[in-house]
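Inside the fold
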Amino acid sequence: MMDLHCRIDLYPDPLSVVDCCRRLQVFVVSVTTTPAAYRGTVRLTRAGDPIETALGLHPQLAGERSREVDLFDEHLPAVRWVGEIGLDGSPDLKAAWPAQVQVFEHILRSCASGGGRLMSIHSRGAAGPVLDSLRRFPNAGVPVLHWFSGTLAELDAAIAFGCWFSVGLPMFRSKKGREILSRIPRDRVLTETDGPFVESNGQPIHPWEVDLVTKELASHWQVSWEETGQTLRINLARLTASSSVDCVALSHITPPPKDRPASADSK
Ligand SMILES: [Zn+2]
């Protein structure tokens, strides 16, 4: 099981979510919204956990948290994954658009000069500009577009650029989402829950429920669940191998703190 985009620090009891992922061996990319939140989130995990904490600065917070790019650069050598990063073209974020672009391109530049990273990228209403920025920093790393919702032309451009896609339950719930899913090459697909904001049966979805996505994918592809699982495992292995990330240490080697609540810095 693999959940390539989940905000573990935002569940009511993040330590129990970590513990369950540990017991069930669910591979999770635990994305964060700010570098300050990263500091608290990485402390939830310990060496050997199947969880990688990603260093992020969410586009919806880029306007008010742009000063945290220095903290981002400070933590970057310790991580293999960055996310959630990207751009958001929603009308209510229009005023912060210049700050969003500045923050996103700062991060891409830092990733490029640090040897590249695996990147979980948000592109709602901004797939075209996200691709423009990625083209300006081709050595930033390997882009994984999460919950892609752009046009089919933007999708084709993203595929041509070499993007990967992490897909979750909401994409199966709309006609447009299913159209996008039909067009993404199967060897570029990975799964995500986007928990805790996505719900399943009226409750926040958990990383170990990512099997629901695998089942949807199997029925969409009209192949067996086993074959779908095998395709996803091969994809994850290829994605990981494609990153020549030379980081000082993987994020999950930081021991949990004894002196403070683990999610103290979370937002
Ligand atoms: Zn997002």
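First things first, this report covers the structure right here in the doc. (Residues numbered from 1 in each chain as written. Predicted model: local features only at pLDDT ≥ 70, side-chain atom pairs only at ≥ 80, totals over all residues.)

1. Re helix 5 (residues 97–113)
To keep it simple, the criterion reads: Numbered from the N terminus, helices here are DSSP runs of H or I no shorter than four residues, and strands are runs of E no shorter than two. A helix is expected to reach a length of 1.5 Å times the quantity of its residues less one. Working definition of burial: number of other C-beta atoms within 10 Å of the residue's own, with buried at 20 or more, exposed at 12 or fewer, and partly exposed in between, all C-beta atoms being placed from the backbone. Here the arc refers to the directions that run from the helix axis out to each C-beta atom.
Taking 1.5 Å of rise per residue, the 17 residues of helix 5 would be expected to cover 24 Å, and the 24 Å separating its terminal C-alpha atoms lies within 8% of that figure. Buried within helix 5 we find Gln100, Val103, Phe104, Ile107, Leu108 and Cys111. Buried residues in helix 5, looked at end-on, bunch into an arc of 130 degrees, giving them a common side. Looking one or two residues beyond helix 5, the residue adopting positive phi is Gly115, at roughly 95 degrees.

2. Section: the pairing of strand 5 (residues 117–122)
Test applied: For two strands to be treated as a pair, DSSP must find at least two bridges joining them. Assignment of crossover handedness uses the view with strands pointing away from the viewer, where a clockwise path from the first strand over the helix to the second indicates a right-handed crossover.
In terms of burial, strand 5 is a largely internal element, six of the six residues being buried. Burial of the side chains of strand 5 extends over both faces: Arg117, Met119 and Ile121 are buried on one face and Leu118, Ser120 and His122 on the other. Alignment of strand 4 (residues 81–86) against strand 5, held across four bridges, turns out to be parallel. Paired with Ile85 across the bridge in strand 5 is Ile121. Note on the crossover from strand 4 through helix 5 to strand 5: the handedness is right-handed. With five bridges connecting them, strand 5 and strand 6 (residues 141–146) associate as parallel partners. Bridge assignment links Leu118 to a residue of strand 6, and that residue is Val142. In this fold, the crossover linking strand 5 to strand 6 by way of helix 6 (residues 127–136) has right-handed handedness.

3. Concerning the nonpolar core
Rules: Joining buried Ala, Val, Leu, Ile, Met, Phe, Trp, Tyr and Cys residues through C-beta atoms within 7 Å gives a set, and that set is a nonpolar core. The contact rule is simple: place each C-beta atom from the backbone, and if two of them lie within 7 Å, those residues are in contact.
Counting 61 residues, the largest nonpolar core has Val82, Ile107, Met119, Val144 and Phe165 as the members making the most contacts within it. Here this core takes five residues from helix 5, the largest share from any one element. In contact with Val82, other than residues within four places in its own chain, are Ala54, Leu55, Gly56, Ile107, Cys111, Arg117 and Met119.

4. Quick notes on helix 10 (residues 211–221)
Taken together, the buried positions of helix 10 are occupied by Val213, Glu216 and Leu217. End-on, the buried residues of helix 10 take up no more than an arc of 100 degrees, which puts them together on one face. Buried positions along helix 10 lie against strand 7 (164–167), helix 8 (169–172), strand 8 (189–191) and helix 11 (225–242). Just downstream of helix 10, Gln222 is the residue with a positive phi angle, here 55 degrees.

5. Section: the environment of Gly56
Residue position: Gly56 is located in the loop between strand 3 (51–53) and helix 3 (62–65). For Gly56, a count of 30 C-beta atoms within 10 Å puts it in the buried group. When the C-alpha atoms of Gly56 and Gly83 are compared, they prove to be 4.2 Å apart, with 27 residues separating the residues in sequence. Excluding residues that lie within four positions of it along the chain, Gly56 makes contacts with Val31, Thr32, Thr33, Tyr38, Val82, Gly83, Glu84 and Ile85.

The values are spatial; any link to function lies outside them.
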